[in-house]
Amino acid sequence: MANTVNDAPVALERAVTAAIRAGHAWSVRRERPEAWAEIARMTGVIMRACGPGRGPATPAELVAALRRPLGTWLPGCDAAARDLVVLDGDDQLTDATFEIGCDYTAEVLAGQDDPGAGWLPGWRVHRAEQIEKAAFQALLAGGDEEYSRGRRFITEHPAGVLTELVAARSELGLPPLVPYGEIPGERQRDGSWWPCPVCRWPMRVRGAMVRCDFPRHEAVYTVSSAPPSLQPAGGARRAPKRRPADGAVCVDESVWRFIVVPGVVEVRLHDRIAALPGVRAELYPRKDLYDIRVTSAGDGTWEFTLDVKDYASARALARKLEERPIAADHLVLPRYRSDQAGELRRLLPGTGVSTEDQIYRRIRRVASSDGRSR
Ligand SMILES: [Zn+2]
């Protein structure tokens, strides 16, 4: 059948983006009067994607559909989008939306003004490249080394006490980078907040649960009251200590999702490789031409260039790379995405695909054999 989303990845991407935007609008409809118009607009986008007589045809039908897996009503979903449920039982976006939804950020209103751009969270409107460009404007004018330090600073300091953050940044000689705002109300309980042990961004508080919005960080806790404190739930690591919300700030959701979440893996891998004897590792060299460059500390006879890619869907990643190939020799998958390696090698036959641990071991081998050959 022609003209289904299956034939056109862009149409699928647009439909999934529209579903997430409508879900977000529904979750804030009491506070944002613009939400109703947004849901109506996204219903139109979805109707065009589904084709006449198929899929939800009214805003009410769309909202009901958002509580079911996309694959049950949106034709042509790929493996990652098929099981995605956008709204949970409390009419809030599900955690999976934060993980998977970012693979599908398309312009839904091509060629028109986008009324959602003014009030929707950036990651539901803009692509990662746009968010990065805005965040690093101040660094692009400086030298390569300052860019690397600035980008690392944001990854390592996505939240904290404002005065301490400013002091730490000035000490590194960095200009103001991204805006920090107060800790949002949904990330506080009784004047306290808790950083995710993996990404350090404030975890979301809902009822008796406190969790990082990025499910792969496996940070899930229960909170007890007066004074509030956390206990690990379901295999989560040690609970972080509570921090006072007064005077504390954090980066916004888009910077967290597009810079901090992938940055955690990039910095971790860089630091691990940099600690190997005989190795020189650079983070974000040439203003992020690639994420990590590794060379022999001695004669420079060998080189690895690495780009870490953290996508929920291998297929969506392959599509992105066809549009915009990486400059690095090696595509590196975070440890929690190692199951994508086989599929990506099939989809991208010309690209070297490794997991964090595989590339680390390979570099260690090359470095220890004193750089005879790659
Ligand atoms: Zn986290």
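For the structure, see preceding data.
Residues numbered from 1 in each chain as written. Predicted model: local features only at pLDDT ≥ 70, side-chain atom pairs only at ≥ 80, totals over all residues. Heavy atoms only, no water.

> Help me understand the coordination of the zinc ion, please; the structure alone is not making it clear to me.
Tetrahedral metal sites with four donors have an ideal angle of 109.5 degrees; octahedral sites with six donors have ideal angles of 90 or 180 degrees. The coordination sphere of the zinc ion contains the protein donors Cys196 (SG), Cys199 (SG), Cys212 (SG) and His217 (ND1), at a distance range of 2.2 to 2.4 Å. Around the zinc ion sit four donor atoms; with metal-centred angles ranging over 104 to 114°, the donor geometry is tetrahedral. Taken in chain order, the donor set of the zinc ion reads C-x2-C-x12-C-x4-H. Here Cys196, found in the loop between strand E3 (192–193) and strand E4 (204–206), pairs with His217, found in the loop between strand E5 (209–211) and strand E6 (220–224); they are 21 residues apart in sequence, far enough to count as distant. Summarising the burial analysis for this pair, Cys196 and His217 share the class buried. (Donors = N, O, S within 2.8 Å, 3.2 Å for Na, K, Ca; no water. Tetrahedral: all angles 85-135°; square planar, octahedral: opposite > 155°, others 65-115°. Helix = DSSP H or I, 4+ residues; strand = E, 2+ residues; numbered from the N terminus. Buried < 20%, exposed > 50% of the residue type's maximum accessible area, 1.4 Å probe, protein only.)

> Looking at this structure, how should I read the environment of Tyr147?
Within the secondary structure, Tyr147 sits in helix H8 (residues 144–156). Taking relative accessible area as the criterion, Tyr147 reaches 3% and is therefore assigned buried. Remark: the alpha-carbon pair of Tyr147 and Leu283, spanning 136 residues in sequence, is separated by 9.6 Å.

> I keep staring at the side chain of His270 and nothing clicks. Help me out?
Within the fold, His270 resides in helix H10 (residues 253–274). Residues within four places of His270 in sequence aside, it is in contact with Arg152, Ala281, Glu282, Leu283 and Ile292. (Contact = heavy atoms within 4.5 Å.)

> Explain helix H12 (residues 314–323) to me, please; I cannot follow it from the model alone.
One turn of the α-helix equals 3.6 residues, which is why residues spaced by three or four share an orientation. Across the 10 residues that make up H12, a large majority, seven, are buried. For H12, the complete set of buried residues consists of Ala314, Ala316, Leu317, Ala318, Arg319, Lys320 and Leu321.

> Even after reading the chapter, I still don't get the packing of aromatic side chains, so can you show me in this structure?
The geometry of an aromatic ring pair is captured by the separation of the ring centres together with the interplanar angle, meaning the angle of the planes. Following the criterion strictly, the structure yields four aromatic pairs and no others. Look at Trp201 and Trp256: their rings are 4.6 Å apart centre to centre, the planes differ by 10°, and that puts the pair in the stacked class. Of this pair, Trp201 sits in the loop between E3 and E4 while Trp256 sits in helix H10, and the two are 55 residues apart along the sequence. The residues Trp201 and Trp256 share a single accessibility class, namely buried. Each ring, one from Trp302 and one from Phe304, has its centre 5.8 Å from the other, and the planes form 75°; the classification is edge-to-face. When its relative accessible area of 3% is taken as the criterion, Trp302 is described as buried. The exposure class assigned to Phe304 is buried, which follows from its relative accessible area of 0%. Over the aromatic face of Trp26 sits the side chain of Arg29, whose NZ or CZ is 3.9 Å from the ring centroid. If you follow Arg151 out to its NZ or CZ, it ends over the ring of Tyr284, 4.7 Å from the centre. (Phe/Tyr/Trp six-rings, centres within 6.5 Å; stacked < 30°, edge-to-face > 60°. Lys NZ or Arg CZ within 6 Å of the ring centre and 35° of its normal.)

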